[in-house]
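These are the residues of each chain, in order.
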Amino acid sequence: MKDEFEEVEASYKDEVEPEAERRPDAEGLGVVEEKALAQRLRNLFFTYSERERPPNTVYVTDLTQCFRRSWFELRYRARPRPTPQMVLGRMLHDALELVLSRDPSFGAAKFEVECSHDLGNGWVLKGRADLVVDDAVYEFKFTRAPDFNRAKVVYAAQVSAYCFMLGKVVGYLVLVDRERLDVRVLRLEPDEDLWRNVVDRAKLLIDSLEGDVPAVDSPLWSWECEHCDFWVLCKRMEGGGR
């Protein structure tokens, strides 16, 4: 299985320039050939959202996506190439502080607030809340308007998890249409059942990793398979892929 994964992983790496060229220094950025500049900028965009994962760490976001995908990412320490939507979402998240700090009501806000929960046996559940103001957690999702209802189902557990880990009393899921910038705000009370489910899923994923047995939980949505970097491997496994 590892050999198959490495073959697939190599095919994705071929789509971008070698590491040394994907992370250029300040030299040679004056007069350059147009095609080379375009490739350089494109690679910078696609490496913008990359973040190193600490060992023995499960993120809350690992538990709101397909379990099999999360297993692949943690088992092989893989960093699938982000989609354009993921890159743009990361850029918009990073712009939140610049935009919201113009409003005095967000003057005491803290951005990108890290939180954690000890899962035992050396494992940690971690998350990063977009915005915390007093006793409230705000989680922003940049999506399409037709996805608003689906987003509530997927991300309500994430908001509850952040509230419990940070000791906050209310959460707000802020859905932003990335095409029209229409905004919809959903107030979510911390749900202990959702929080327990997040912790239980984290421990289930850890058991699967330590047993070196691929997680068998299917994705909630068929589109997760359609846009998954591990689909080629997953479909070869019993019960994998849709």
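All residue numbers here refer to positions counted from 1 along the written sequence of the relevant chain. Only residues with pLDDT of at least 70 are given local features in this predicted model, and only at 80 or more are side-chain atom pairs given and counted; all residues enter the totals for whole chains, interfaces and linings. Side-chain numbers here rest on the full set of heavy atoms in the structure, without hydrogens or water.

Colleague: Whenever I open this one, the confidence of the model for the protein chain confuses me. Can you help?
Modeller: The predicted coordinates ought not to be read in detail in places where the model reports low pLDDT. Overall, the prediction assigns the protein chain a mean pLDDT of 81, with 81% of residues at 70 or greater. Note on residues 11-26: pLDDT under 50 across the span, and 16 contacts to partners over four residues away in sequence or across chains. The predictor attaches a confidence to each residue, called pLDDT, with possible values from 0 through 100. Any two residues whose heavy atoms approach within 4.5 Å at even a single point are treated as in contact.

Colleague: Would you mind going over the environment of lysine 235 with me for this structure?
Modeller: Secondary structure follows DSSP: runs of H or I at least 4 residues long count as helices, runs of E at least 2 residues long count as strands, and numbering of each begins at the N terminus. Inspection of the secondary structure assignment puts lysine 235 in the segment after helix H10 (231-234). Burial here depends on accessible area, computed with a 1.4 Å probe over protein chains only, as a share of the maximum for the residue type. Under 20% is buried, over 50% is exposed, and the range in between is partly exposed. When its relative accessible area of 46% is taken as the criterion, lysine 235 is described as partly exposed. With 10 residues separating them along the chain, lysine 235 and cysteine 225 place their C-alpha atoms 9.4 Å apart.

Colleague: Teacher, can you tell me more about a nonpolar patch on the surface here?
Modeller: Patches in this entry comprise residues that are over 30% relatively accessible and not in a salt bridge; like charges within 9 Å are linked, as are nonpolar side chains (Val, Leu, Ile, Met, Phe, Trp, Tyr) within 5 Å. For the accessible areas, the method is Shrake-Rupley and the probe is 1.4 Å, while residue cover comes only from the protein chains on display. We count a salt bridge whenever a side-chain nitrogen from Lys or Arg sits within 4 Å of a carboxyl oxygen from Asp or Glu. Together, Leu37, Leu41, Leu44 and Phe45 give the surface a local cluster of nonpolar side chains, amounting to about 330 Å² of exposed area. If you trace the backbone, leucine 41 turns up in helix H3 (residues 34-47). Take leucine 41: its relative accessible area is 40%, and that puts it in the partly exposed class.

Colleague: I would appreciate a short explanation of the packing of aromatic side chains in the present structure.
Modeller: To describe a pair of aromatic rings, you give the distance between the ring centres and the angle between the ring planes. Note on aromatic contacts: the rings of Phe and Tyr and the six-membered ring of Trp form a pair at centre separations within 6.5 Å, being stacked when their planes are under 30 degrees apart, edge-to-face when over 60 apart, and tilted otherwise. Inspection of the entire model under this criterion finds 7 aromatic pairs. On the numbers, 6.4 Å between centres and 20 degrees between planes, the contact of phenylalanine 72 with tyrosine 76 is stacked. For the pair phenylalanine 164 and tryptophan 195, a centre-to-centre distance of 5.9 Å together with 5 degrees between the ring planes defines the contact as stacked. Of this pair, phenylalanine 164 sits in helix H7 (residues 148-166) while tryptophan 195 sits in helix H8 (residues 192-210), and the two are 31 residues apart along the sequence. In textbook terms, an aromatic cluster arises when at least three aromatic residues are bridged by ring pairs, as seen for Trp71, Phe72, Tyr76 and Phe230. Lysine NZ or arginine CZ positioned within 6 Å of the ring centre and within 35 degrees of the ring normal marks a charge as sitting over the ring. Sitting over the face of the ring of tyrosine 76, arginine 75 holds its NZ or CZ atom 4.9 Å from the ring centroid. We note arginine 201 situated over the ring of phenylalanine 67; from NZ or CZ to the ring centre the distance is 4.2 Å.

Colleague: Can you help me understand helix H5 (residues 84-94) in this one?
Modeller: Since the α-helix packs 3.6 residues into each turn, any two residues three or four apart lie on the same face. Of the positions making up H5, those classed as buried are Val87, Gly89, Arg90 and His93. The arc that holds the buried residues of H5, viewed along the axis, is 160 degrees, so those residues lie on one side. Looking at the packing, one finds that the buried side of H5 touches H3, helix H6 (96-100), strand E2 (110-120), strand E3 (123-133) and strand E4 (136-143). Within this analysis, the arc is defined by the directions that extend from the helix axis to the C-beta atoms.

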